[in-house]
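Architecture and fold: a report
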Amino acid sequence: MMDLKDKLVSSFLAFENNIDVDDPVHDIRSEALRVFEGKGFPSKKDEAWKYTSLNSLKKVDFSIFPSEVDALEYKEVKKYFLHEMDTYKIVFIDGIYSSFLSETTHDGVDVCLMSAALNKPKYRAVIDVYFNKVASQEESLTNLNTAFSKEGAYIYIPKNKVAQKPVEILHFSTGNEAALLLQPRSLIIAEDNAELQVIERHQSLTKNEVFTNSVTEIFAAKDAIVDYYKVQNDVATASLIDNTYISQKDSSLVKVHTFSFGGKLTRNNLNFYQNGERIDSTMKGVTILGERQHVDHHTLVHHKEPNCESHQDYKGIYGEKSTGVFNGKIIVDKIAQKTNAFQQNNNILVSDKATINTKPQLEIFADDVKCSHGCTIGQLDEEALFYLQSRGIPKKEARALLMYAFANNVLESVRIPELKRRINKLIANKLGVNLGFDL
Amino acid sequence: MLKIKDLHASVEDKEILTGINLEVNAGEVHAIMGPNGSGKSTLAAVIAGKEEFEVTKGQVFLDGEDLEDTAPEERAHKGIFLSFQYPVEIPGVSVTNFMKTAINESRKARGLEDMPANQMLKLIREKSELLDIDRRFLSRSLNEGFSGGEKKRNEIFQLAMLEPKLAILDETDSGLDIDALRIVANGVNKLRSKDNAVIVITHYQRLLEYIVPDFVHVLHNGKIVKSGTKELALELEEKGYDWIKQETVV
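These numbers come from a predicted model, not from an experiment. (Residues numbered from 1 in each chain as written. Chains lettered and ligands numbered in written order. Predicted model: local features only at pLDDT ≥ 70, side-chain atom pairs only at ≥ 80, totals over all residues.)

To continue, consider the overall build of chain A. What chain A contains, in helices and strands, is ten helices and 20 strands. Relative to the 2.2 N^0.38 estimate, which gives 22 Å for 439 residues, the radius of gyration of chain A is 21 Å and therefore close to what a compact globule would have. Projected onto its principal axes, the C-alpha positions of chain A cover 70 × 50 × 45 Å. At a minimum sequence separation of 6, the contacts of chain A that also span at least 24 residues come to 82%. (Helix = DSSP H or I, 4+ residues; strand = E, 2+ residues; numbered from the N terminus. Rg over C-alpha atoms; globule rule 2.2 N^0.38 Å. Contact = placed C-beta atoms within 7 Å.)

See the structure below:
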């Protein structure tokens, strides 16, 4: 079997058969391939990948170009959508756009496809300004994605517009291929004073292996508000490397919630760049793992201008033989005075075989800043457990209730009520209890 | 109702209860007094089934049934309630939802269906009025940010909701001002009946002016060293605990 890196590099020629190689975007792809070829997959020798190994994934013979499958029936995937409210939907099946399941729009705002944005002249100006402008030019997996960038979600909210409905971005994989590699590439732009809510989900429908290496670029212009929710509850044979890059301008507000309950290996590289003043960047996460699941949250906030804030609050509950990583990097440039940067990572280990590695990484070059970070690793409070039991609540439910309570303040900021209820249910399922009420 | 026979209990090999004998009948109020560290709170926790304490000898019976190996929640289902000295804060779970869960778990254990929502609301309304509790308070997270008095009042509200056979009030008076003390005591008194019993654990006689005990026991070094009627509490208030300590030594 060919090494995955070699396979990818040699597939590039075949990839080029189906795209316009004279397009300027293709120069970006070719350059990205060159970088990836030089660097290869990250290994445990890289500090940023010390606790997350891609070795098992590199051994799988992934299909890189899936054959098109028959459309999925809506009823097969219905449960992965929100129902109680109307949403825009951008749906992919094995990496290929499904017009049947999608609901896009060009009415005042653009909620559509990356392939359309990359190919149609009317989007050219936007692509020139934004495409691959905040994504890392060095990181090898981001370059790999850039090299093969072709399809994904494209959302453009013009100045002073509000997306009237949340956008659901769903990536389904059907198991049509024994093992499938997906590389969605998305671009999301909220212009001055625009507002947008996005829910992103990757869902494998069978137990066949899936490896997704996704890159999302988000641009929030002056006063823009972007609320982004990542629901990671995939099957135990699905792995995800999520590379999200966010560029913010003056007084914009971007919040990313990451709910990590599923999957085999999940790596979240969440990067915020503050290119203006009075910016607020918020990251919240709830991670609940069991079995041999692995989740690695790598966050970066780069404070590049004065008077900005960032807030990070990640909660993790680790059971069985699961492993977690939290690495939160905050850079405060010398010019970025009056920065407020908060970071909190709290973890509960419910099994003595579970592990968590947590590390704050602060690089502060300004002298008038407020930065705080804290991490805790603990067990459930025995006194609290006894308190609940003494009220007649059985131990299992009492434990679940305490874990719920532990994760709760992260849910409080979810602004889509149905999503909040769904996350509540996912948490209850994950903890194996029915509490009879939502938090 | 409750019968304790030669009860010994330890935590981390340190014996705290060293042979307790006590019998509490339906309709009675017993006060357990004693100096700090005498084992009062341990006794309460052991009756409620706290697993941290190891019962090394003796038994606790409820209605003739030995409670050995009975989990705290099962004891609650059988009608034991412990009002905590330091109630635990549970962020994100409202008082109402907590009570719903507690009541329905108890019903489930008795083979009953969940209590219908309207009945639950009626019960909550009744009991919150009994304890003069602001309705807004019920939607707040359990004990989170509550003042000492609010926590204690909330404990008695839970007591009222769960209607246990045996209520153990562990230092319910500590941290209460006189008005809060009166409200809490009135609440307890209104809940008293010929079918239930109350054990009041307290350091001071003050609470016993409002919840008048039938019997007073003095605990010292993990044993009941003196029992009597409510007059004993007054005597203790007057003479202090040194008197008991000396008498025990003699």
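Our next topic: the overall build of chain B. Along its length, chain B carries eight helices and twelve strands. Here chain B has a C-alpha radius of gyration of 18 Å; the compact-globule value for 250 residues is 18 Å, and the two agree. Dimensions of chain B along its principal axes, counting C-alpha atoms only, are 60 × 40 × 35 Å. Evaluated residue by residue, chain B yields a buried proportion of 43% over its 250 residues. Taking the intrachain contacts of chain B between residues at least 6 apart in sequence as the baseline, contacts between residues at least 24 apart amount to 72%. (Buried ≥ 20, exposed ≤ 12 C-beta atoms within 10 Å, placed from the backbone.)

Here we take up the interface of chain B and chain A. Taken together, the 24 residues of chain B in the interface contact 22 residues of chain A. Elements represented by at least two residues in the side of chain B that touches chain A include exactly helix 2 (72–78), strand 7 (90–94) and helix 3 (95–109) of chain B. No other element matches the seven residues that helix 3 of chain B contributes to the side of chain B that touches chain A. The class makeup of the residues in the side of chain B that touches chain A is twelve nonpolar, seven polar and five charged. (Nonpolar A, V, L, I, M, F, W, Y, C, P; charged D, E, K, R; others polar.)

On to the pairing of strand 2 (residues 14–24) of chain B. Residue and element names in this part refer to chain B. Looking at chain direction, strand 1 (residues 2–11) and strand 2 are connected through eight bridges and run antiparallel. Looking at strand 2, one finds that A9 is bridged to L17. Between strand 1 and the antiparallel strand that follows it, strand 2, lie two residues; E12 among them carries a positive phi value of about 45 degrees. (Pairing = 2+ DSSP bridges.)

Moving on: the domain arrangement of chain A. All names here are of chain A. Domain annotation for chain A reports domain 1 (4–275) and domain 2 (381–439). A straight line from the C-alpha centre of domain 1 to that of domain 2 covers 32 Å. Taken together, the contact between domain 1 and domain 2 spans 13 residues of the former and nine residues of the latter. Those elements that place two or more of their residues in the side of domain 1 that touches domain 2 are strand 8 (195–204), strand 10 (225–232) and strand 12 (253–260). (Domains from an automatic or database assignment.)

Glancing now at the environment of V167 of chain A. All names here are of chain A. Examined against the element boundaries, V167 turns out to sit in strand 5 (residues 167–173). Residue classification places V167 among the buried positions, given that 24 C-beta atoms sit within 10 Å. The spatial distance from the C-alpha of V167 to the C-alpha of K5 is 34 Å, given a sequence separation of 162 residues.

Turning next to the packing of helix 5 (residues 148–162) of chain B against helix 6 (residues 178–191) of chain B. Residue and element names in this part refer to chain B. Relative orientation of the contacting elements helix 5 and helix 6 amounts to 5 degrees, with a least axis distance of 10 Å. On the basis of the axis angle, helix 5 is roughly parallel to helix 6. For the pair formed by helix 5 and helix 6, the contact residues are G149, K152, R153, I156, L159 and A160 on the first element and A180, I183, V184, G187, V188 and L191 on the second. Along the lines of polarity and charge, the residues of the contact of helix 5 with helix 6 split into eight nonpolar, two polar and two charged. (Axes fitted to C-alpha atoms, helices over the stretch in contact; angles between N-to-C directions. Parallel < 35°, antiparallel > 145°, perpendicular 65-115°, else oblique.)

What follows covers unusual backbone geometry. All names here are of chain A. Of note in this structure, D223 is not a glycine but carries a positive phi near 65 degrees. Positionally, D223 belongs in the loop between strand 9 (209–220) and strand 10. Notably, E291 is not glycine yet its phi reads approximately 45 degrees, a positive angle. The residue E291 is located in the loop between strand 14 (280–289) and strand 15 (294–303) in this model. For E291, a count of 11 C-beta atoms within 10 Å gives the class exposed.

Turning our eyes to something else, we now look at the packing of helix 4 (residues 117–130) of chain B against helix 5 of chain B. What describes two packed helices is the angle between their axes and the distance between those same axes. All names here are of chain B. Interaxial distance between helix 4 and helix 5 falls to 9 Å at its minimum, and their mutual angle equals 135 degrees. The angle between helix 4 and helix 5 falls in the class oblique. Note on packing geometry: the crossing formed by helix 4 with helix 5 is right-handed. For the pair formed by helix 4 and helix 5, the contact residues are L123, K127, S128 and L130 on the first element and F157, A160 and M161 on the second. (Left-handed = near helix turned anticlockwise from the far one by under 90°.)

Residue and element names in this part refer to chain B. The end-to-end C-alpha distance of helix 5, which contains 15 residues, comes to 21 Å, matching closely the 21 Å that a straight helix rising 1.5 Å per residue would cover. For helix 5, a buried count of eleven out of 15 residues is recorded, marking the element as mostly surrounded by other parts of the structure. Turning to helix 5, its buried residues are K151, K152, R153, N154, E155, I156, F157, Q158, L159, A160 and M161. Looking at the buried residues of helix 5, the elements they touch are strand 6 (80–83), helix 3, helix 4, strand 9 (166–170) and helix 6. (Expected span 1.5 Å × (residues − 1).)

Moving on to the sheet that holds strand 1 (residues 88–93) of chain A. All names here are of chain A. Reading across from one edge, 2-1-5-8-10-12-14-16-18-20 is the order of the ten strands in this open sheet, with mixed pairing throughout. Either end of the sheet is taken by a strand with one partner, and the two such strands are strand 2 (96–97) and strand 20 (370–378). On the sheet, helix 9 (residues 395–411) packs against strand 14, strand 16 (309–318) and strand 18 (340–349) and is oriented at approximately 160 degrees with respect to strand 16.

Every buried residue of helix 8 (residues 382–389) of chain A is listed here: L385, F386, Y387, L388 and Q389 of chain A. For helix 8 of chain A, the secondary structure elements touched by its buried residues are helix 9 of chain A together with helix 2 of chain B.

On to the sheet that holds strand 6 of chain B, then. Residues and elements named next belong to chain B. Taken in spatial order, the six strands line up as 6-9-10-3-11-12 in an open sheet, and their pairing is mixed. Edge positions in the open sheet fall to strand 6 and strand 12 (223–228), since each of these has one partner strand only. Across this sheet, the average inter-strand angle for adjacent strands is 20 degrees, counted without regard to direction. The sheet contact formed by strand 6 and strand 9 spans four bridges and is parallel. Of the residues in strand 9, the one forming a bridge with F81 is A167. Here helix 5 sits on the sheet and contacts strand 6 and strand 9; the angle it forms with strand 6, its principal contact strand, is near 170 degrees.

This part takes up the confidence of the model for chain B. Note: predicted coordinates in regions of low pLDDT should not be interpreted at a detailed level. Scored by pLDDT, chain B has a mean of 92; 99% of the residues are at 70 or more. For this predicted complex, the interface confidence comes out at an ipTM of 0.95, alongside a pTM of 0.87. (pLDDT = per-residue confidence, 0-100.)

Attention now moves to the nonpolar core. If you look at the biggest cluster of nonpolar residues, it comprises 160 residues, and the most contacted ones within it are I155 and A190 of chain A together with I168 and V200 of chain B. In terms of residue count, the dominant contributor to this core is helix 9 of chain A (eleven residues). Both domains that meet at this core, namely domain 1 (4–275) and domain 2 (381–439) of chain A, each give it at least three residues. With sequence-adjacent residues up to four places away left out, I168 of chain B is seen in contact with A44, I47, A48, F81, L82, S83, I199 and I201 of chain B. Judged by nonpolar contacts, the second largest core, of 16 residues, contains A32, A147, F211 and A238 of chain A. (Core = buried A, V, L, I, M, F, W, Y, C linked by C-beta atoms within 7 Å.)

The next subject is the environment of A153 of chain A. Residues and elements named next belong to chain A. In this structure, A153 sits in strand 4 (residues 153–157). Accessibility expressed as a C-beta count within 10 Å gives 29 for A153, which makes it buried. It is 9.6 Å that separates the C-alpha atoms of A153 and A116, two residues lying 37 residues apart in sequence. Excluding residues that lie within four positions of it along the chain, A153 makes contacts with I90, M114, I169 and S186.

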